[in-house]
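# A look at the structure
One-letter residues, chain by chain:
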Amino acid sequence: MLLAIDCGNTNTVFSIWDGAKFRATWRMATDHKRTADEYYVWLQSLMALTKTEAEITQAIISSTVPRVVFNLRVLCNRYFNCRPLVVGKPDCRLPHPPRVDQGVTVGPDRLVNTVAGFARHGGNLIVVDFGTATTFDVVDDDGAYIGGVIAPGANLSLEALHMAAAALPHVDVAKPARAIGTNTVACMQSGVYWGYIGLIEGIVREVRKERPAPVKVIATGGLASLFSQGTTLFDAVEDDLTMHGLVLIHAHNEEYPYGPEQIP
């Protein structure tokens, strides 16, 4: 069985794939100080509580936080006796290498989303990922990542507003009942929610101007379902897109276990 690990700036997701479906998925706060032993105790406790029986023999990791990768590697080596694939490393091959400026390192989360988006929806695609940052990944007609856009995430913007303005409280992202707020919290929520709807629609409009063919727009990430309520822009909302991409990348590397020159 495969342990797929997606480590973001805010949360880290662990999923167990049995070859046909995800048996379980768990989420924890990302903390670079967490040791391999702590990860294992946490995982074993959740597996016992949910009566999840799984013999993990393989692993793949995608991490936007480089400092956590070492302990995640140790977790896989020490407790599951396997050497994990790490997306973005030279030994982890992609079905379609990215086409970006020479020397540029593409975030592994963006590569994973590209692979999954292409597999599910084909090429000429924009994947909008609502995470700590809001990213727009542009997928060419052959499945290659060709660039995109990075904007601050909605929660990050609210936190910055709270920290920079002494009179403004901390509030959660929510869809307001009305655009015109009648109290401070409603005003802040309206500004962030409808402001982000405008940001998303504006960026997608500009990207479409630069593409030679029509593009579909797919949303993923924790806030995707919330923002999809305020716009008709999205062709689909995919909650499990990143984990699906990790499974596909692992399968691609298993199918071609030799050198890149032997990959058709």
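Residues numbered from 1 in each chain as written. Predicted model: local features only at pLDDT ≥ 70, side-chain atom pairs only at ≥ 80, totals over all residues. Heavy atoms only, no water.

Okay, the overall build of the protein chain next. Along the backbone of the protein chain there are seven helices and ten strands. Computed over its C-alpha atoms, the radius of gyration of the protein chain comes to 20 Å, within 12% of the 18 Å expected for a compact globule of 264 residues. Expressed along its principal axes, the backbone C-alpha trace of the protein chain runs to roughly 60 × 45 × 35 Å. Across the 264 residues that make up the protein chain, the buried fraction comes to 48%. (Helix = DSSP H or I, 4+ residues; strand = E, 2+ residues; numbered from the N terminus. Rg over C-alpha atoms; globule rule 2.2 N^0.38 Å. Buried < 20%, exposed > 50% of the residue type's maximum accessible area, 1.4 Å probe, protein only.)

If you trace the five strands from one edge of the open sheet to the other, you get 3-2-1-4-5, paired in mixed fashion. Looking at which strands have only one partner, the edges of the open sheet turn out to be strand 3 (22-29) and strand 5 (85-86). Of the strand pairs in this sheet, strand 4 (residues 58-63) and strand 5 are connected by two bridges, and their pairing is parallel. Of the residues in strand 5, the one forming a bridge with Ile 60 is Leu 85. With respect to the sheet, helix 7 (residues 241-255) is in contact with strand 1 (2-7), strand 2 (11-17), strand 3, strand 4 and strand 5, its orientation differing from that of strand 1 by roughly 130°. (Pairing = 2+ DSSP bridges. Contact = heavy atoms within 4.5 Å. Axes fitted to C-alpha atoms, helices over the stretch in contact; angles between N-to-C directions.)

Below, the discussion takes up the confidence of the model for the protein chain. Across the protein chain, the average pLDDT comes to 91, with 97% of residues at 70 or higher. Confidence over residues 257-264 falls short of pLDDT 50; this stretch has seven contacts with residues more than four positions distant or in other chains. (pLDDT = per-residue confidence, 0-100.)

Take the side chain of Asn 71 next. Here Asn 71 is to be found in helix 2 (residues 66-79). Every residue in contact with Asn 71, bar those within four places of it in the chain, is listed here: His 32, Arg 34, Thr 35, Ala 36 and Tyr 39.

Moving on: unusual backbone geometry. In this model, Asn 81 sits at a positive phi of 55°, which is unusual for a non-glycine residue. Looking at where Asn 81 falls in the secondary structure, it is placed in the loop between helix 2 and strand 5.

Spatial ordering of the open sheet is given by 8-7-6-9-10, a layout of five strands whose pairing is mixed. Only two strands of the sheet have a single neighbouring strand rather than two, namely strand 8 (145-152) and strand 10 (236-237). The strands touched by helix 5 (residues 184-210) are strand 6 (125-130), strand 7 (133-139), strand 8 and strand 9 (216-221); relative to strand 7, the strand with the most contacts, the crossing angle is about 20°.

The next point concerns the packing of aromatic side chains. Scanning all chains against the criterion turns up ten aromatic pairs. Each member of the aromatic cluster is reached from another via a ring pair, and the members are Phe 130, Tyr 193, Trp 194, Tyr 196, Phe 227 and Phe 234. (Phe/Tyr/Trp six-rings, centres within 6.5 Å; stacked < 30°, edge-to-face > 60°.)

Per the stated rule, a full pass over the model turns up twelve salt bridges. Ionic pairing is found between Lys 21 and Asp 18, a salt bridge with its closest N-O pair at 3.1 Å. Asp 18 gets classed as partly exposed once you look at its relative accessible area, which sits at 24%. With a closest N to O distance of 2.8 Å, Arg 78 and Asp 37 form a salt bridge. On the criterion of sequence distance, the pair formed by Arg 78 in helix 2 and Asp 37 in helix 1 (residues 36-49) is long-range, its members being 41 residues apart. Each of Arg 99, Asp 140, Asp 142 and Arg 211 takes part in salt bridges that share partners, so that together they form one network. (Salt bridge = Lys/Arg side-chain N within 4 Å of Asp/Glu carboxyl O.)

Here we come to the state of the cysteines. On inspection of all chains with the given rule, the structure shows zero disulfides. Free of any disulfide, Cys 7 has its nearest neighbouring cysteine sulfur in Cys 76, separated by 12 Å. Free cysteine Cys 92: the closest other cysteine sulfur is in Cys 76, separated by 13 Å. (Disulfide = S-S within 2.5 Å.)

In this section: the packing of helix 4 (residues 154-164) against helix 5. At a minimum axis distance of 10 Å, the contact between helix 4 and helix 5 shows a crossing angle of 145°. Relative to helix 5, the crossing made by helix 4 is right-handed. Of the residues in helix 5, those in contact with Ala 154, Ser 157, Leu 158 and Leu 161 of helix 4 are Met 188, Val 192 and Tyr 196. Within the contact of helix 4 with helix 5, the residues separate by chemical class into six nonpolar, one polar and no charged. (Left-handed = near helix turned anticlockwise from the far one by under 90°. Nonpolar A, V, L, I, M, F, W, Y, C, P; charged D, E, K, R; others polar.)

This brings us to the nonpolar core. Core analysis: the biggest nonpolar cluster contains 27 residues, and Ile 126, Phe 130, Phe 227 and Phe 234 have the highest contact counts within it. Elements supplying a minimum of two residues to this core: strand 6, strand 7, helix 4, helix 5, strand 9 and helix 6 (224-228). In terms of residue count, the dominant contributor to this core is helix 5 (nine residues). Of all hydrophobic cores here, the second largest spans 26 residues; its members include Leu 3, Phe 14, Met 28 and Ile 56. (Core = buried A, V, L, I, M, F, W, Y, C linked by side-chain atoms within 4.5 Å.)

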